[in-house]
Each structure stands twice: as C-alpha cells, then as structure tokens.
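# Analysis of the macromolecular model
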Amino acid sequence: EAAKKWIQQDNYGSIAEIFRRWSPNWQFTDADIEPVRACLSQSGRLEGPLGYYWSLLALRNGSEGRALLRQRVQVPTLLLLGAADGCFAPQNLLSLDDAFAAPYEAVVIPRVGHFLHREVPDEVAERILSYFEAV
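Overview of the structure. (Residues numbered from 1 in each chain as written. Predicted model: local features only at pLDDT ≥ 70, side-chain atom pairs only at ≥ 80, totals over all residues. Heavy atoms only, no water.)

I7, I15 and F19 are the most contacted members of the largest nonpolar core, which totals 14 residues. Where this core is concerned, the elements lending two or more residues are α1 (2–12), α2 (14–22) and α3 (30–40). It is α2 that provides the largest number of residues to this core, a total of five residues. With sequence-adjacent residues up to four places away left out, F19 is seen in contact with P24, W26, F28, I33, V36, F115 and R118. (Core = buried A, V, L, I, M, F, W, Y, C linked by side-chain atoms within 4.5 Å. Buried < 20%, exposed > 50% of the residue type's maximum accessible area, 1.4 Å probe, protein only. Helix = DSSP H or I, 4+ residues; strand = E, 2+ residues; numbered from the N terminus. Contact = heavy atoms within 4.5 Å.)

Let us now look at the packing of aromatic side chains. One pass over the full model with this rule turns up seven aromatic pairs. When the ring of F19 is compared with that of F115, the centres are 4.3 Å apart and the planes differ by 20°; the resulting orientation is stacked. Note that F19 is positioned in helix α2 and F115 in the loop between β2 (104–109) and α6 (116–119), a separation of 96 residues in sequence. Accessibility expressed as a relative area gives 12% for F115, which makes it buried. Three or more aromatic residues link up through ring pairs in this structure, and these residues are F19, W22, W26, F28 and F115. (Phe/Tyr/Trp six-rings, centres within 6.5 Å; stacked < 30°, edge-to-face > 60°.)

As a further point, take the pattern of salt bridges. Inspection of every chain in the model, using the stated rule, returns four salt bridges. Of the charged contacts in the structure, one is a salt bridge between R37 and E34, with a shortest N-O distance of 3.6 Å. Here E34 and R37 lie together in helix α3, a separation of three residues that amounts to about one turn. Among the residues examined, R37 registers a relative accessible area of 15% and is labelled buried. Assessed through its relative accessible area of 40%, E34 is described here as partly exposed. (Salt bridge = Lys/Arg side-chain N within 4 Å of Asp/Glu carboxyl O.)

Below, the structure written as structure tokens:
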C-alpha cells in the first residue's frame, strides 16, 4: 500500500523519478512518460506492475515459492541487460548457470538502463529477431 501511495503522489510524479534512477542516461521527455502516467492512473492499473514485484517477494518468503524459484528454466533464453540499469545490476545476472537447464545468452547493452526497450528500441528488436533466427 505504501508503494501505491508513493507512486500516486504529486500526480504520479514519482514515475519520472523511477525513470531517472533506473535509466540514468536516458534523456526522456514528459511525452515519453505521459502514457505511463495516464495508464497507471486508471482504476486498477497500478496493481499490475506492482503485483509483479509483490508476487516475487511473496514467492521468496514461502517455502513453496522458494522451491519454485529454484527450478531451472527449461527453454532457451535471451537476457538483454542495460549496463546502466539502476534497478538490477547487470553483473548480478551474467552468470546464471544454476538457473537455466536450457541454453541462455546474457547481453549487456552499453550506456542504457532498465528501460532499454524504450531507450534503444531498434537495437533491442534486432537482437531479439537475431536470437529467434538462431534458435
């Protein structure tokens, strides 16, 4: 509940703060984040993105959830990581051999942060397409 109140305060002004912190090199504009504010301000829309994090925390706190999180990923996976990600440090996600039973590839894209699909959409699309062509 505290997270919802924090995001909602000052007409969702914290959205810009999150973008600045998580993608510090991205020179976004109000036009870039206005659709995010508009979407999250609609009834019931904020719970979805927050629910992702709440669920992850809940999984980590229960024995069934911890067992589920220890299961190895069974499908080939491409991880695209921003070198300047202010939310998840990419170096913590480069060596995940214990997490994957199938092949995985971790690619760090220089100079971009957490919202790499917004910062360098053409590069992200090209890497995804190339990956699927190869598997």
